[in-house]
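What follows is the residue order along each chain.
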Amino acid sequence: MASVIFENIRKVYDNGHLAVDGVSFTVADGELIVLVGPSGCGKSTTLRMLAGLEPVTSGSILIDDVAVNDIPSKDRDVAMVFQNYALYPHMTVFNNMAFGLKLRKYSKAEIKKRVEQAAEILGISDILDRKPKQLSGGQQQRVAVGRAIVRKPKVFLFDEPLSNLDAKLRVQMRTELARLHRELNATMVYVTHDQTEAMTLGDRIVVMNKGIIQQVDDPVTLYNRPQNRFVAEFIGSPGMNFISGFIEEVGEKFRFISQNHELYLTITEHSDTLQHHDRVVLGFRPETVKPLEENSTEQEDGIFEAEIVFEEHLGAESYVYGKTASTTFMARVSGTSNFDISKQLRFELDGKQIHLFDTETGQSVL
């Protein structure tokens, strides 16, 4: 396997469109790193530059400390699995997996050995004589992965390989790919727009937006300590709630106040940066706010009133949507809960699990 280094990579197309702007990060040997972000954020372009399918405008890409900018794709020793599996319809599974090795003039014995080993790892040994039209979507996906495995490349590249599968099969194949990574101890770069896929697969995640890296971290850190509002909004399902307000200094403490929602929060653990912020955006996860049974009228920290506008029952849990004077938020509650629509209810927010973001820059200040 190998390490991969991106050094200040930029990609500008002939029409002047800046697709990737100053991307820098390292993929360690044996690491599975996921590039995630909305459509058009530059994640696939970054992957294609690594594969040699797109030229780099400026910056350097290194594989095992060797710059590969000017090395042809076929000589970079990477293998790519696309969203479209691109299997040859007239060939059997065996021949689809063996095709690349035949082009590289491997012996028949070595080809047979590699294909059979990959087929065993992927659980497709019994379909090697079939043709693609006789396979399910999941089987075709395994064949495409197998075609990459037999090459034993330095780096595996995946460009949204599960997006064509139905929801249940995507979950199954995520598990298979995670297992495959553990067994092969392979260096993998994986692109997806699905943040759940990113969170469940990646050793680390690169969050991108508009061609720029927003944050690179492990899944737990991304969820608990987002560096800006975009990451907080994009990572997590369902997403984070936001309420605008301002910071007021009270003695040695700070208080978040949102007059529109009659919400007050005393902040006991804070950074010095709070002294330099006035208007901020409060962020909180759906699991950190809960409805209260009793409608007490006294003002308390973290308690505010909202109208129930909708409830989604998902079995083990439910999502309750509350509407305040200027925003709608979501609370994650027990699946046995049942609330009356249009009812006014008080909610309690856990002040120890909040986030504050600068109103103008979106950067985290708490």
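Given the structure is predicted, the values throughout are model-derived calculations rather than measurements.

Draft legend 1. Structural detail: the overall build of the protein. From N to C terminus, the protein includes eight helices and 20 strands. Dimensions of the protein along its principal axes, counting C-alpha atoms only, are 80 × 45 × 35 Å. Counting over 366 residues, the protein shows a buried share of 49%. For the protein, the distance from the average position of its 40 positive side-chain charges to the average position of its 50 negative side-chain charges is 13 Å.

Draft legend 2. Looking closely at the environment of M208. Mapped onto the secondary structure, M208 falls in strand β9 (residues 204-209). Classification of M208 as buried rests on a relative accessible area of 0%. Residues M208 and E54 lie 154 residues apart in sequence; the distance between their C-alpha atoms is 18 Å. Other than its neighbours up to four places away in sequence, M208 contacts V23, V36, G37, P38, C41, G42, K43, T46, I213, Q214 and F230.

Draft legend 3. Representation of the sheet that holds strand β2 (residues 18-27) in the model. One open sheet holds the four strands; their spatial order is β2-β1-β4-β5, and the pairing between them is antiparallel. The strands lining the two open edges of the sheet, one partner per strand, are β2 and β5 (66-67). Direction of pairing for strand β1 (residues 4-12) relative to strand β4 (residues 58-63): antiparallel, over a ladder of five bridges. Bridging from a neighbouring strand, R10 pairs with S58 of β4. Along the sheet, helix α1 (residues 43-51) contacts β1, β2 and β4; its crossing angle with β1, the most-contacted strand, is approximately 115°.

Draft legend 4. Expanded view of the packing of aromatic side chains. Tallied over the full model, the rule gives 11 aromatic pairs. By way of ring pairs, the aromatic residues F284, F304, F329 and F347 are connected into one cluster. Stacked on the ring of Y13, the Lys or Arg K11 has its end atom at 4.8 Å from the ring centre. Positioned over the ring face of F242 is R229, at 4.2 Å from the centre of the ring.

Draft legend 5. Structural view of the pattern of salt bridges. Applying the stated criterion to the full structure yields 13 salt bridges. The salt bridge partner of D75 is K74, with a shortest N-O separation of 3.3 Å. Residues E116 and K112 are paired through a salt bridge, measuring 2.7 Å at the closest nitrogen-oxygen approach. Here E116 pairs with K112, and both are found in helix α3 (residues 108-122), just four residues apart, close to one helical turn. Among the residues examined, E116 registers a relative accessible area of 35% and is labelled partly exposed. Taken together, the salt bridges that share partners define one network made up of K11, R48 and E54.

Draft legend 6. Local environment of empty space enclosed by the protein. On inspection of all chains with the given rule, the structure shows one cavity of 30 Å³ or more. Roughly 40 Å³ of volume is contained in the largest cavity. In this structure, the largest cavity is lined by L122, Q141, R142, V145, M173, E176, L177, R179 and L180. Of all the elements in the fold, those that place two or more residues in the lining of the largest cavity are α4 (137-149) and α5 (167-184). Per element, the largest residue contribution to the lining of the largest cavity is five residues, and it comes from α5.

About the criteria used
Residues numbered from 1 in each chain as written. Predicted model: local features only at pLDDT ≥ 70, side-chain atom pairs only at ≥ 80, totals over all residues. Heavy atoms only, no water. Helix = DSSP H or I, 4+ residues; strand = E, 2+ residues; numbered from the N terminus. Buried < 20%, exposed > 50% of the residue type's maximum accessible area, 1.4 Å probe, protein only. Lys, Arg positive; Asp, Glu negative; His and termini not counted. Charge placed at Lys NZ, Arg CZ, Asp CG, Glu CD. Contact = heavy atoms within 4.5 Å. Pairing = 2+ DSSP bridges. Axes fitted to C-alpha atoms, helices over the stretch in contact; angles between N-to-C directions. Phe/Tyr/Trp six-rings, centres within 6.5 Å; stacked < 30°, edge-to-face > 60°. Lys NZ or Arg CZ within 6 Å of the ring centre and 35° of its normal. Salt bridge = Lys/Arg side-chain N within 4 Å of Asp/Glu carboxyl O. 1 Å grid on protein atoms, 1.4 Å probe; cavity = no way out; pocket = protein on both sides within 12 Å on 5 of 7 lines; lining within 4 Å. Points joined across faces, edges and corners; volume = space filled by probe spheres on them.

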